[in-house]
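# Residue-level structure breakdown
So you can see what is in the structure, the chains are spelled out below.
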2 protein chains.
Amino acid sequence: MSEQVPRVLVVEDEAQIRHFVRLALEAEGCAVSEAAGVADGLARAGADDPALVVLDLGLPDGDGVDFIRSFRAWSERPVLILSARTEESHKIDALDAGADDYLTKPFGVGELRARVRALMRRRQRQGGASPWLEFGNVRVDFARRQVTRDGEAIHLTPIEYRLLAMLLAHPGQVLTQRKLLAEIWGASYVESSHYLRVYVGHLRQKLEDDPTQPRHFLTETGVGYRFQPDA
Amino acid sequence: MSEQVPRVLVVEDEAQIRHFVRLALEAEGCAVSEAAGVADGLARAGADDPALVVLDLGLPDGDGVDFIRSFRAWSERPVLILSARTEESHKIDALDAGADDYLTKPFGVGELRARVRALMRRRQRQGGASPWLEFGNVRVDFARRQVTRDGEAIHLTPIEYRLLAMLLAHPGQVLTQRKLLAEIWGASYVESSHYLRVYVGHLRQKLEDDPTQPRHFLTETGVGYRFQPDA
DNA sequence: GCGAATTTTTACGACATTTTTACGCGGCTG
DNA sequence: CAGCCGCGTAAAAATGTCGTAAAAATTCGC
């Protein structure tokens, strides 16, 4: 009878606001984790797979819009923006990058909490039909962040999970190495293809029947990788 | 082949704002229906089952919050509130009644459109078929970087694929050797026509019914090569 | 601070692709 | 008709890329 408390990730550099937001979210009955920057936030999001991300746009180590884009490459969780910028163009950019709501500072606790409730409610509404995805003898349940193979739970590390989510989000498509590296490790890692070799290897090891003869995680030499759903 | 245009319902008593919103939504490619009051709006919503409702809170014949509650009794479609009231309590009430977003007047067209896009984004997930190109019994799907022949996947190496893409981009035209070489191998290889002989051979081997009698990848002796779409 | 889990780095054999080389064919020309 | 030239094919050589295992460094939870 686990109470299934939704996890929320707050990405915000100012400690004071972060604390303020944490209190508001905890009052909503959420479990809160925090990150102070873009890189930190993406790593944490990959580890926690939060039900909601509350994101400040004015981060020290990068643009919040970049966070949204990277995050959207492998996750569809709602994102609520907090920002001091009231210009319409900023709102449009953030919403089109994949954000779900945009709240300008200063804002009241009550409105923040109400908007959080609205975003989480929608998740419940459509999360009812647990959208799993199957290939081979593997089932991936994104809502629960759970991967099973022949019914047995398979443990994936944060990076493995993000890579898997990204590949599965584009079935049949070739994802270039540069794109995968940029979305998962960051723009400055686009040349470090050895990371991919290692982690694709992990996925095959854990999810393919015969890791030496992969049927789902295919290599396109010199280009990237392709996820092949069931034949 | 109807394009499946999403229907949006605008519930707003002031004709001027209604028109303004209609224009914004139509610019998003939506089919718009209008209602001027709560009763009218609910009736219209029941008839149309719109993909989104844009709702003004200041209606003459009842409270907008009542509209939301009634609507939510039978529909889970997203609701976007427009309101002149900026008090936090109003926002909280509307969001908790079941609204998904709350926009205070005055607002910009751009922000309205962006928020509409954000609300509608989720429901349209799988666009499915990507544009492809066919000749003979071969199909080329550039979005997925996939080539099939009689339904069977054909593997192409990076150079083979680039050459194919280039030829297919200019159907019926003769592409000179120098141009192909410059584009694929670089400006300093424009004389090395033997590369082309090898790789055009590969394409014919993999894609032509009878590689010795090519029907699509034709040689223009002394000039270059020409891609011939279906006869 | 300590142990466990995870990420990063490194090295090397296996494999895929590209490049190079060689040769046969056929048309054209002198 | 002989020789030259451009083309097509095949296969060897060279290069580059990939997969794997394991060690080193880092992070995380307690």
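Now for a look at the structure at hand. Remember, it's a predicted structure, so these values are computed and weren't measured experimentally. (Residues numbered from 1 in each chain as written. Chains lettered and ligands numbered in written order. Predicted model: local features only at pLDDT ≥ 70, side-chain atom pairs only at ≥ 80, totals over all residues. Heavy atoms only, no water.)

The next thing to look at is the sheet that holds strand β12 (residues 224-227) of chain A. Hydrogen bonds between backbone groups are what pair the strands of a sheet, and the pairing can be parallel or antiparallel. Residue and element names in this part refer to chain A. What the three strands build is an open sheet, ordered β10-β12-β11; its pairing is antiparallel. A strand with exactly one partner marks an edge of an open sheet, and here the two such strands are β10 (174-176) and β11 (217-220). Strand after strand, the sheet turns through a mean of 30 degrees between neighbouring axes, direction not considered. Looking at chain direction, β10 and β12 are connected through three bridges and run antiparallel. Paired with Leu 175 across the two strands is Tyr 225, which belongs to β12. The sheet strands contacting helix α7 (residues 177-184) are β10 and β12, and the helix crosses β10 at an angle near 65 degrees. (Pairing = 2+ DSSP bridges. Helix = DSSP H or I, 4+ residues; strand = E, 2+ residues; numbered from the N terminus. Axes fitted to C-alpha atoms, helices over the stretch in contact; angles between N-to-C directions. Contact = heavy atoms within 4.5 Å.)

The environment of DNA strand C is formed by 19 residues, the closest being His155(A), Thr157(A), Tyr195(A), Thr157(B) and Tyr195(B). A distance of 2.2 Å is found between a phosphate oxygen of DNA strand C and a side-chain nitrogen or oxygen belonging to Tyr195(A). One of the side-chain N or O atoms of Thr157(B) is found 2.5 Å from a phosphate oxygen in DNA strand C. Its residues placed into classes, the surface near DNA strand C shows 12 nonpolar, seven polar and no charged. (Near = heavy atom within 4 Å. Polar contact = N/O pair within 3.5 Å; in protein donor to acceptor, adjacent residues only side chain to side chain. Nonpolar A, V, L, I, M, F, W, Y, C, P; charged D, E, K, R; others polar.)

This brings us to the packing of helix α4 (residues 88-97) of chain A against helix α5 (residues 109-121) of chain B. A pair of packed helices can be characterised by two numbers: the angle between their axes and the separation between those axes. Relative orientation of the contacting elements α4(A) and α5(B) amounts to 15 degrees, with a least axis distance of 9 Å. Here α5(B) runs roughly parallel to α4(A), going by the angle between their axes. The interaxial crossing formed by α4(A) with α5(B) has left-handed handedness. Only Val109(B), Gly110(B), Glu111(B), Ala114(B), Arg115(B), Arg117(B), Ala118(B) and Arg121(B) of α5(B) make contact with α4(A), whose side of the interface consists of Glu88(A), Lys91(A), Ile92(A), Leu95(A) and Asp96(A). Of the residues that constitute the contact of α4(A) with α5(B), the class distribution is five nonpolar, one polar and seven charged. (Parallel < 35°, antiparallel > 145°, perpendicular 65-115°, else oblique. Left-handed = near helix turned anticlockwise from the far one by under 90°.)

Residues and elements named next belong to chain A. In terms of nonpolar packing, the biggest core is built from 51 residues, with Leu 55, Ile 81, Leu 163, Leu 164, Leu 167 and Phe 217 touching the most fellow members. Per-element accounting of this core gives the leading share, seven residues, to helix α6 (residues 158-168). When near neighbours in sequence (up to four residues on either side) are disregarded, Leu 163 contacts Leu 180, Ile 184, Leu 196, Tyr 199, Val 200 and Leu 203. (Core = buried A, V, L, I, M, F, W, Y, C linked by side-chain atoms within 4.5 Å. Buried < 20%, exposed > 50% of the residue type's maximum accessible area, 1.4 Å probe, protein only.)

It is worth spelling out the protein's contact with DNA strand D at this point. As a matter of local geometry, DNA strand D sits amid 19 residues, with Gln177(A), Arg204(A), Thr219(A), Tyr225(A) and Thr219(B) nearest to it. Sugar and phosphate atoms represent 68% of those atoms of DNA strand D found within 4 Å of the protein. A distance of 2.9 Å is found between a phosphate oxygen of DNA strand D and a side-chain nitrogen or oxygen belonging to Arg204(B). Of all the elements in the fold, those that place two or more residues in the surface near DNA strand D are α8 (193-207) of chain A together with α8 (193-207) of chain B. Counting residues per element, the surface near DNA strand D draws most heavily on α8(A), which supplies four residues. Looking at the surface near DNA strand D residue by residue, the classes come out as five nonpolar, 10 polar and four charged.

Residues and elements named next belong to chain B. Summed over the entire model, instances satisfying the criterion amount to 20 aromatic pairs over all chains. On the numbers, 6.1 Å between centres and 50 degrees between planes, the contact of Phe 20 with Phe 107 is tilted. With Phe 20 in helix α1 (residues 15-27) and Phe 107 in the loop between β5 (101-104) and α5, this pair connects stretches of sequence that are 87 residues apart. On the basis of relative accessibility, which here comes to 16%, the residue Phe 107 falls in the buried class. For the ring pair Trp 185 and Tyr 199, a centre distance of 5.7 Å and an interplane angle of 55 degrees mean the geometry is tilted. Of this pair, Trp 185 sits in the loop between α7 (177-184) and α8 while Tyr 199 sits in helix α8, and the two are 14 residues apart along the sequence. In this structure Trp 185 comes out as buried when scored by relative accessible area, which is 17%. (Phe/Tyr/Trp six-rings, centres within 6.5 Å; stacked < 30°, edge-to-face > 60°.)

On to the sheet that holds strand β6 (residues 133-135) of chain B. Residues and elements named next belong to chain B. The sheet built from four strands is open, its strands ordered β6-β7-β8-β9 with antiparallel pairing. This sheet does not close on itself; its edge strands, each paired only once, are β6 and β9 (152-154). This sheet shows a mean twist of 30 degrees between the axes of neighbouring strands, independent of strand direction. Pairing analysis gives three bridges linking strand β8 (residues 146-149) to β9, with the strands arranged antiparallel. In the strand pairing of β9, Val 147 is matched with Ile 154. Contacting β6, β7 (138-141) and β8, helix α6 (residues 158-168) runs over the sheet at an angle of about 100 degrees to β7. Sitting on the sheet, α8 touches β6, β7, β8 and β9, and the angle it makes with β8 is about 50 degrees.

What follows concerns helix α2 (residues 38-48) of chain B. All names here are of chain B. The set of residues buried in α2 consists of Val 38, Gly 41 and Ala 45. The arc enclosing the buried residues of α2, seen along the axis, measures out at 60 degrees, which places them on a common side. More than 90 degrees from the buried face of α2, the exposed residues found are Ala 39, Ala 43 and Ala 47. Where α2 is buried, its residues meet β1 (7-11), β2 (31-35) and α3 (64-72). Of the residues trailing α2, Asp 49 is marked for its positive phi of about 50 degrees. (Arc of directions from axis to C-beta.)

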